[in-house]
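One letter stands for each residue in the lines below.
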Amino acid sequence: MKNSKEEFNFELFDSVELEINSACNRDCGFCPRYYNRTGIRKDEAGNMVRKQMPTDKVKSVIDELIAMGFRGKIRFHRLSEPLVDKRYLGFVKYAKSKGLLVTDHTNGDVLKNDAELCKQLDGLVDEYKIGLYDYTTHKGKQKEIAFWKTQFKKTRITFSLPLEYTNIRQDSKAYYKKYKNPKILDQPCDTRLDALLIRYDGEVSLCCQDDECTFGLGNVFEKPIAEIWGSEKHKSIIDSVTKPEGRHNFELCSKCYIFSGFQDEAPSFGKRILRKAKYILMKTNDFAWKKGLVNIRIKNAINSEAEKIY
């Protein structure tokens, strides 16, 4: 088992999503949980699955990350709401005590009804991205934003606006209802591939779309993280999907439109190349959107034409 940063012979991930539970208190049509019936998020009848990563496993994963030399950002969610787990505050404190940055995403429902918890987390959590789901007017949106700014004075807060800008993600309502240009699927994948994503049962996902862990990368309860991340299998998959038409080699990737764009060159694996790919995407997105080649964001009915492709 490779423990130290010096012994780790593969480029280290720059962030970690360590999911502490499977549940979410909402059932949003833009979320990949919506149509899931695999037993991972919902059972065959559509009932929510409620499972937790054991406390000792959460802490042992954090300890292993530290031993590897990781000192970056950690989140306690994948496709779940971390704050419905009553152990959340304890996990945040543990991660911070090890020198990690906590940058989580939340729908805010638990925090909205618990001012004391907000006080405890303010300044402890480095950053929250809070989803705003309930407003119906621009004024209502600004009111929600103002509320959260009163709750957090030390923690940096940003906001996601799925009512206005929705990513096309598989197993969501948006995926099946929205136009998708098939030409996008011939392009290299530019989804974030430099983050370690651990599901509540220990399985490792390739990317944010791989909630079913279809690539079989490994389970952190059974194998060292370094072995999973640095495996030839992991590297070969990334090498394939980041080349033109490489996504067609994998069923999941061959249907994925999230973060899609036309690039001037094919990236290969590595943080330097990934950063370059993101820069290329930024430079080409305006052209691609105008040509109808990029359709990852959809402007919805809030102060706009309903169903308009943005």
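Conventions and cut-offs
Residues numbered from 1 in each chain as written. Predicted model: local features only at pLDDT ≥ 70, side-chain atom pairs only at ≥ 80, totals over all residues. Heavy atoms only, no water. Helix = DSSP H or I, 4+ residues; strand = E, 2+ residues; numbered from the N terminus. Buried < 20%, exposed > 50% of the residue type's maximum accessible area, 1.4 Å probe, protein only. Contact = heavy atoms within 4.5 Å. Areas by Shrake-Rupley, 256 points an atom, 1.4 Å probe, with all protein chains shown as cover. Phe/Tyr/Trp six-rings, centres within 6.5 Å; stacked < 30°, edge-to-face > 60°. Lys NZ or Arg CZ within 6 Å of the ring centre and 35° of its normal. pLDDT = per-residue confidence, 0-100. Pairing = 2+ DSSP bridges. Axes fitted to C-alpha atoms, helices over the stretch in contact; angles between N-to-C directions.

(A) Here's a closer look at the overall build of the chain. In terms of helices and strands, the chain carries nine helices and ten strands. Residue burial in the chain is summarised as follows: out of 310 residues, 53% are buried. Pairs at least 24 residues apart make up 73% of the contacts formed inside the chain by residues separated by at least 6 positions. When the accessible surface of the chain is split by element, carbon and sulfur atoms take 50% of a total near 14,900 Å².

(B) Structural context of the packing of aromatic side chains. This model, assessed by the stated rule, comprises 13 aromatic pairs. The interplanar angle of 55° and the centroid separation of 6.3 Å between the aromatic rings of Tyr175 and Tyr257 together place this pair among those described as tilted. Of this pair, Tyr175 sits in helix α6 (residues 173-177) while Tyr257 sits in the loop between α8 (232-241) and α9 (271-290), and the two are 82 residues apart along the sequence. Accessibility classification places Tyr175 together with Tyr257 in one group, the buried group. Within the aromatic cluster, the residues linked to one another by ring pairs are Tyr34, Tyr35, Tyr175, Tyr176 and Tyr257. Above the ring of Phe221, the side-chain terminus of Lys57 is found at 5.1 Å from the ring centroid. Note that Lys59 overlies the ring of Tyr94, its terminal NZ or CZ placed 5.2 Å from the centroid.

(C) Summary view of the environment of Thr166. The residue Thr166 is located in strand β6 (residues 165-167) in this model. Thr166 sits in the buried class, given a relative accessible area of 6%. It is 9.2 Å that separates the C-alpha atoms of Thr166 and Cys31, two residues lying 135 residues apart in sequence.

(D) How the structure looks around the confidence of the model for the chain. Across the chain, the average pLDDT comes to 82, with 80% of residues at or above 70. Here residues 1-9 is a poorly scored stretch, pLDDT under 50, and it has 16 contacts once near neighbours within four places are set aside; other chains count. Note on residues 260-310: pLDDT under 50 across the span, and 108 contacts to partners over four residues away in sequence or across chains.

(E) Representation of the sheet that holds strand β3 (residues 101-106) in the model. Within the open sheet, the seven strands sit side by side as β5-β4-β3-β2-β1-β7-β8. Their pairing is mixed. Lying at the two open borders of the sheet, with one neighbouring strand each, are β5 (156-160) and β8 (204-205). In the sheet, strand β1 (residues 15-18) pairs with strand β7 (residues 195-198) via four bridges, with the strands oriented parallel. Paired with Glu17 across the strands is Leu197, a residue of β7. On top of the sheet, helix α1 (residues 55-67) reaches β1, β2 (73-75) and β7; it is set at about 170° to β1, its chief contact.

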